[in-house]
Amino acid sequence: MSDANKQKIVESVPQQGFLGHPKGLFTLFFTEFWERFSYYGMRAILVFYMYYEVSRGGLGLDKTLSLAIMSIYGSLVYMSGIIGGWLADRIFGTSKALFYGGILIMFGHIVLAVPGSVTLFFVSMVLIVLGTGLLKPNVSSVVGEIYGEKDNRRDAGFSIFYMGINLGAFLSPLVVGTVGTQYNFHLGFAFAAVGMFLGLVVFTLTKKKNLGLAGTFVANPLSPAERAKAFFRIGLGVALVAIALAITIPMGLLTFSTFVKLVGILGILIPTLYFVVMYRSPKTTAIERSRIIAYIPLFIASVMFWAIQEQGSTILANYADERTQLDFAGIHISPAWFQSLNPLFIIIFAPIFAWFWVKLGERQPSIPVKFALSLLFSGLSFIIILLPAYFGGTGSLVNPLWLVLSYFICVLGELCLSPVGLSATTKLAPAAFYAQSMSLWFLSSAAAQAVNAQIVKFYTPENEMGYFGVIGAISLILGFILLLLAPKVQSYMKGLR
């Protein structure tokens, strides 16, 4: 996207109107609020739905397999962002991409809401994976488009947007989690479908007035000849994948185990190729290449952070279900409720962090320093959760306040990384890869969860101290290394903070 077009977008959008920010932030805030309500509501009960016995309304899958599938599903959700980013950059723009994505997500939840088999479960996963790939990176890209490059409100705007994400994520485990675990899983998934429908309504009714031209420009459009060639290649690729599945599955060559390994390889390979393509592209300027170099250590730090944070829906969900004292202070706690802790703390502290960054202005820590702090906090959160086993052994139930403390510490790291990373990506992105760069940011979570799918099999209550301790120590070490390298990384950003 040219600088002139970006400027036209910014000028076309009212610059005040929602908490001191452009009106478009209202549309994107509430669209993402309902999308996250649907996604995190579904996620709060999905792992339980997989490994609970059929008599309890679940699918009765093996527990370790369920944890691996959950990680792979999360990885594919974010990996599919490369498809959404490419379609937005080359074919129909970010606004249409997020609308089409919302429709696919809604239908995915509707399929989950229908009592059925493992086959229906995987059909719903395909729809949600593709839909989230279209919506998730592109809604964040539009947030970046409504601010000028030098607008100091950008980081604060992303923090407010991030608070909207987490408001939906906070409410959904309480609503969907309660309905799903205490009444019926499929009814819970139906609530998630309604949430996505409401998000589509908000976006459709307010986008013209509030967003103006934001999201309508195609950054790097395909020529008619390129479009025909691209559609041919896409069709050929889909056909080859279908043939490969039809051959390898009956022969026993493609199993859950081999699929998990394949996704693990792709989780590392795809972002690596992305960096190479963007760096070598003739459309990338010398300054943009320097900023890509600066982005690499930030990406690695993000992978490490999300490898810990995303275990909230796998290892920590299972920990809450089986290792935690759920009758506490006179009430019975649903294990799904613990997944509301992360967004609850973000709702409370995101405005404080947003205010703090604005208050500091030019004196605030640089982006690499903020990322280093996030790794230190995430590592500490895993060190904290191993302490109950150290003091009381693995045979007794754990006070739920240990989980609360672990989530809280990890959230402090998330607020140093996630909204800052979203904002940094829009700043450091090469113009020709604007939406795709946001997809690259979400690939850090895809890579993290692809790694998690390989390591969840090592977790058992008996070795939980070693599991949490090793992962926590790695995060702490990487955090200190990035802290030392922060000035050098900052120099490659070429004037951006």
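Residues numbered from 1 in each chain as written. Predicted model: local features only at pLDDT ≥ 70, side-chain atom pairs only at ≥ 80, totals over all residues. Heavy atoms only, no water.

## Some remarks on the overall build of the protein
Part 1 of the reasoning: The number of helices and strands found in the protein is 16 helices and four strands.
Part 2 of the reasoning: Its C-alpha atoms give the protein principal-axis dimensions of about 65 × 55 × 40 Å.
Part 3 of the reasoning: Counting every position in the protein, which comprises 497 residues, the buried fraction comes to 57%.
Part 4 of the reasoning: Here the protein displays about 19,900 Å² of accessible surface, and carbon together with sulfur accounts for 72% of that area.
Part 5 of the reasoning: The average position of the 33 basic charges and that of the 21 acidic charges among the side chains of the protein differ by 10 Å. (Helix = DSSP H or I, 4+ residues; strand = E, 2+ residues; numbered from the N terminus. Buried < 20%, exposed > 50% of the residue type's maximum accessible area, 1.4 Å probe, protein only. Areas by Shrake-Rupley, 256 points an atom, 1.4 Å probe, with all protein chains shown as cover. Lys, Arg positive; Asp, Glu negative; His and termini not counted. Charge placed at Lys NZ, Arg CZ, Asp CG, Glu CD.)

## A few points about the nonpolar core
Part 1 of the reasoning: If you look at the biggest cluster of nonpolar residues, it comprises 129 residues, and the most contacted ones within it are Met 42, Leu 46, Tyr 73, Phe 121, Phe 371, Trp 441 and Phe 468.
Part 2 of the reasoning: No other element matches helix α2 (residues 24-51), which puts 15 residues into this core.
Part 3 of the reasoning: When residues no more than four places from it in sequence are discounted, the contact partners of Phe 121 are Leu 46, Tyr 49, Met 50, Leu 59, Ile 69 and Leu 112.
Part 4 of the reasoning: In this structure, Ile 91, Ala 97, Leu 134 and Leu 222 belong to the second largest nonpolar core, which totals eight residues. (Core = buried A, V, L, I, M, F, W, Y, C linked by side-chain atoms within 4.5 Å. Contact = heavy atoms within 4.5 Å.)

## Topic: the pattern of salt bridges
Opposite charge on two side chains makes pairing possible when the charged atoms of those side chains draw close.
Part 1 of the reasoning: Applying the stated criterion across every chain, the model contains five salt bridges.
Part 2 of the reasoning: Put simply, Glu 32 and Arg 36 hold a salt bridge, and the shortest N to O gap is 4.0 Å. Of this pair, Glu 32 and Arg 36 both sit in helix α2, four residues apart, which is roughly one turn of that helix.
Part 3 of the reasoning: Residue classification places Arg 36 among the buried residues on the basis of a relative accessible area of 1%. (Salt bridge = Lys/Arg side-chain N within 4 Å of Asp/Glu carboxyl O.)

## Section: the packing of helix α11 (residues 315-322) against helix α16 (residues 464-491)
In helix packing, the relevant descriptors are the interaxial angle and the interaxial distance, both defined with respect to the helix axes.
Part 1 of the reasoning: Here α11 crosses α16 at 150°, and the two axes come no closer than 13 Å. α11 and α16 meet at a crossing whose hand is left-handed. Contacts between α11 and α16 involve Ile 315, Leu 316 and Tyr 319 from the former and Glu 464, Tyr 467 and Phe 468 from the latter.
Part 2 of the reasoning: Of the residues assigned to the contact of α11 with α16, the class counts are five nonpolar, no polar and one charged. (Axes fitted to C-alpha atoms, helices over the stretch in contact; angles between N-to-C directions. Left-handed = near helix turned anticlockwise from the far one by under 90°. Nonpolar A, V, L, I, M, F, W, Y, C, P; charged D, E, K, R; others polar.)

## Some thoughts on the packing of aromatic side chains
Part 1 of the reasoning: By the definition in use, this model includes 26 aromatic pairs.
Part 2 of the reasoning: Taking the centre distance of 5.4 Å and the plane angle of 70° together, the rings of Tyr 459 and Tyr 467 count as edge-to-face.
Part 3 of the reasoning: Residue Tyr 459 is classed as buried on the basis of its relative accessible area of 8%.
Part 4 of the reasoning: For Tyr 467, a relative accessible area of 8% corresponds to the buried category.
Part 5 of the reasoning: An aromatic cluster of three or more residues is present, and its members are Phe 48, Tyr 49, Tyr 51, Tyr 52, Phe 121, Phe 122, Phe 185 and Phe 189.
Part 6 of the reasoning: In this structure, Lys 63 packs its charged tip against the face of Tyr 51, placed 5.3 Å from the ring centre.
Part 7 of the reasoning: Note that Arg 289 overlies the ring of Tyr 279, its terminal NZ or CZ placed 6.0 Å from the centroid. (Phe/Tyr/Trp six-rings, centres within 6.5 Å; stacked < 30°, edge-to-face > 60°. Lys NZ or Arg CZ within 6 Å of the ring centre and 35° of its normal.)

## Topic: the packing of helix α10 (residues 286-309) against α16
Part 1 of the reasoning: At a closest axis distance of 10 Å, the pairing of α10 and α16 adopts a crossing angle of 160°. With respect to each other, α10 and α16 are oriented roughly antiparallel. Crossing hand, α10 versus α16: left-handed. Between α10 and α16, the residues in contact are Ala 294, Pro 297, Ala 301, Met 304 and Ile 308 and Ile 471, Ile 474, Ser 475, Leu 478, Leu 482 and Val 489, respectively. (Parallel < 35°, antiparallel > 145°, perpendicular 65-115°, else oblique.)

## Re helix α13 (residues 367-392)
Residues that lie three or four places apart on an α-helix share one face, since the helix turns once every 3.6 residues.
Part 1 of the reasoning: When the terminal C-alpha atoms of α13 are compared, their 40 Å separation across 26 residues agrees well with the 38 Å that a helix rising 1.5 Å per residue should span.
Part 2 of the reasoning: Considering bend angle alone, the principal kink of α13 is centred on Leu 386 and spans about 25°; proline Pro 388 follows within four residues of it.
Part 3 of the reasoning: Immediately downstream of α13, the backbone of Gly 393 shows phi near 80°, a positive value. (Expected span 1.5 Å × (residues − 1). Bend = angle between axes of the 7 residues up to and from the residue.)

## Examining the side chain of Thr 284
Part 1 of the reasoning: The topology assignment puts Thr 284 in the loop between α9 (256-280) and α10.
Part 2 of the reasoning: A relative accessible area of 3% means that Thr 284 is categorised as buried.
Part 3 of the reasoning: At 2.6 Å, the side chain of Thr 284 forms a polar contact with the backbone oxygen of Met 278.
Part 4 of the reasoning: When neighbours within four sequence positions are excluded, Thr 284 is seen to be in contact with Met 278, Arg 289, Ile 292, Pro 430 and Phe 433. (Polar contact = N/O pair within 3.5 Å; in protein donor to acceptor, adjacent residues only side chain to side chain.)

## Describing α16
Part 1 of the reasoning: Between its first and last C-alpha, α16 extends 40 Å over 28 residues, near the 40 Å set by a 1.5 Å rise per residue.
Part 2 of the reasoning: At Leu 485, α16 is deflected by roughly 55°, the largest bend along its length, and proline Pro 487 occurs up to four residues later in sequence.
Part 3 of the reasoning: Of the positions making up α16, those classed as buried are Glu 464, Tyr 467, Phe 468, Gly 469, Ile 471, Gly 472, Ser 475, Gly 479, Leu 482, Ala 486, Val 489 and Gln 490.

## Regarding a nonpolar patch on the surface
Part 1 of the reasoning: Taken together, the side chains of Phe 232, Leu 236, Leu 240, Ile 243, Ile 247, Met 251 and Leu 253 make up a nonpolar region of the molecular surface, amounting to roughly 740 Å² of accessible area.
Part 2 of the reasoning: Locating Met 251 in the fold gives a position in helix α8 (residues 224-251). (Patch = residues over 30% accessible without salt bridge, like charges linked within 9 Å, V, L, I, M, F, W, Y side chains within 5 Å.)

## Some thoughts on the state of the cysteines
Two cysteines whose sulfur atoms are joined by a covalent bond form what is called a disulfide.
Part 1 of the reasoning: One pass over the full model with this rule turns up zero disulfides.
Part 2 of the reasoning: As a non-bridged cysteine, Cys 410 has Cys 416 as the owner of its nearest cysteine sulfur, 11 Å distant.
Part 3 of the reasoning: In this structure Cys 410 comes out as buried when scored by relative accessible area, which is 7%.
Part 4 of the reasoning: The class for Cys 416 is buried, based on a relative accessible area of 3%. (Disulfide = S-S within 2.5 Å.)

## Some thoughts on the environment of Pro 487
Part 1 of the reasoning: Within the element layout of this structure, Pro 487 appears in helix α16.
Part 2 of the reasoning: Sequence-wise, Pro 487 and Ser 439 are 48 residues apart; in three dimensions their C-alpha atoms are separated by 26 Å.

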